[in-house]
Amino acid sequence: MKDVKVLGPGCSRCETTAQMVRDAAAKLGLDVTVEKVTDYAVIAGYGIASTPGIVIDGKVVHAGGLPKPDDVARWLAA
C-alpha cells in the first residue's frame with residue numbers, strides 16, 4: 001500500500017489533486033491511502049513553498065499547480 005500525502009491549505013486545486021491521485025490509483029488497481037495535510041509547518045517541513053504538493057511514501061514528487069494525470073499515474077506506479 002502506498003502512502004500519499006496531498007499538501008495544501010484545502011483549496012480547490014488541493015481537492016482536485018487528491019481526487020486525481022485516487023482516480024489514478026483506481027485505474028492502476030493500486031491500494032493507496034490519501035491524507036490531506038493542511039498544517040503549514042508540516043508542509044514547510046517537506047520544503048514545499050508552492051501548493052499543492054504530493055508526497056508518496058515520504059518522497060516529494062510534486063509541488064505547485066495541478067499535476068498532469070499521466071505524471072500522477074507514473075509516480076504511483078513507481
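Quick notes on the rules
Residues numbered from 1 in each chain as written. Predicted model: local features only at pLDDT ≥ 70, side-chain atom pairs only at ≥ 80, totals over all residues. Heavy atoms only, no water. Helix = DSSP H or I, 4+ residues; strand = E, 2+ residues; numbered from the N terminus. Rg over C-alpha atoms; globule rule 2.2 N^0.38 Å. Buried < 20%, exposed > 50% of the residue type's maximum accessible area, 1.4 Å probe, protein only. Contact = heavy atoms within 4.5 Å. Areas by Shrake-Rupley, 256 points an atom, 1.4 Å probe, with all protein chains shown as cover. Pairing = 2+ DSSP bridges. Right-handed = clockwise from strand over helix to strand, strands pointing away. Axes fitted to C-alpha atoms, helices over the stretch in contact; angles between N-to-C directions. Parallel < 35°, antiparallel > 145°, perpendicular 65-115°, else oblique. Left-handed = near helix turned anticlockwise from the far one by under 90°. Nonpolar A, V, L, I, M, F, W, Y, C, P; charged D, E, K, R; others polar.

Caption draft 1: Here's a closer look at the overall build of the chain. Counting secondary structure elements, the chain contains three helices and four strands. In sequence order, the secondary structure elements of the chain are arranged as β-α-β-α-β-β-α. At 11 Å, the chain has a C-alpha radius of gyration in line with the 12 Å of a compact globule built from 78 residues. Projected onto its principal axes, the C-alpha coordinates of the chain cover approximately 35 × 20 × 15 Å. Residues classed as buried in the chain amount to 37% of the 78 residues present. Considering only contacts within the chain whose residues lie at least 6 apart along the sequence, 66% involve residues at least 24 apart. Counting every atom, the chain has about 4,300 Å² of accessible surface; 53% of that belongs to carbon and sulfur.

Caption draft 2: Focus on the pairing of strand β1 (residues 2-7). Burial within β1 is extensive, with five of its six residues counted as buried. Of the pairings in the sheet, the one linking β1 to strand β2 (residues 32-37) comprises six bridges and is parallel in character. Residue pairing in the sheet places Lys 2 in a bridge with Val 32 of β2. For the crossover that starts at β1, traverses helix α1 (residues 12-28) and ends in the parallel β2, the hand is right-handed.

Caption draft 3: Region of the structure containing unusual backbone geometry. Cis geometry marks the peptide bond from Thr 51 to Pro 52; its omega dihedral reads 0°. Inspection of the secondary structure puts Pro 52 in the loop between α2 (40-45) and β3 (53-56). Even without a glycine there, the phi angle at Asp 57 is positive, about 50°. Structurally, the position occupied by Asp 57 is in the loop between β3 and β4 (59-63). For Asp 57, a relative accessible area of 44% puts it in the partly exposed group.

Caption draft 4: Seen up close, the packing of α1 against helix α3 (residues 69-77). Two elements in contact, α1 and α3, have axes separated by 9 Å at closest approach and are oriented at 60°. Considering their axes alone, α1 and α3 lie oblique with respect to each other. The way α1 lies across α3 gives a crossing that is right-handed. Residues Met 20, Val 21, Ala 24, Ala 25 and Leu 28 of α1 touch α3, and the partners they reach there are Pro 69, Val 72, Ala 73, Leu 76 and Ala 77. Residue composition of the contact of α1 with α3, grouped by class: ten nonpolar, no polar and no charged.

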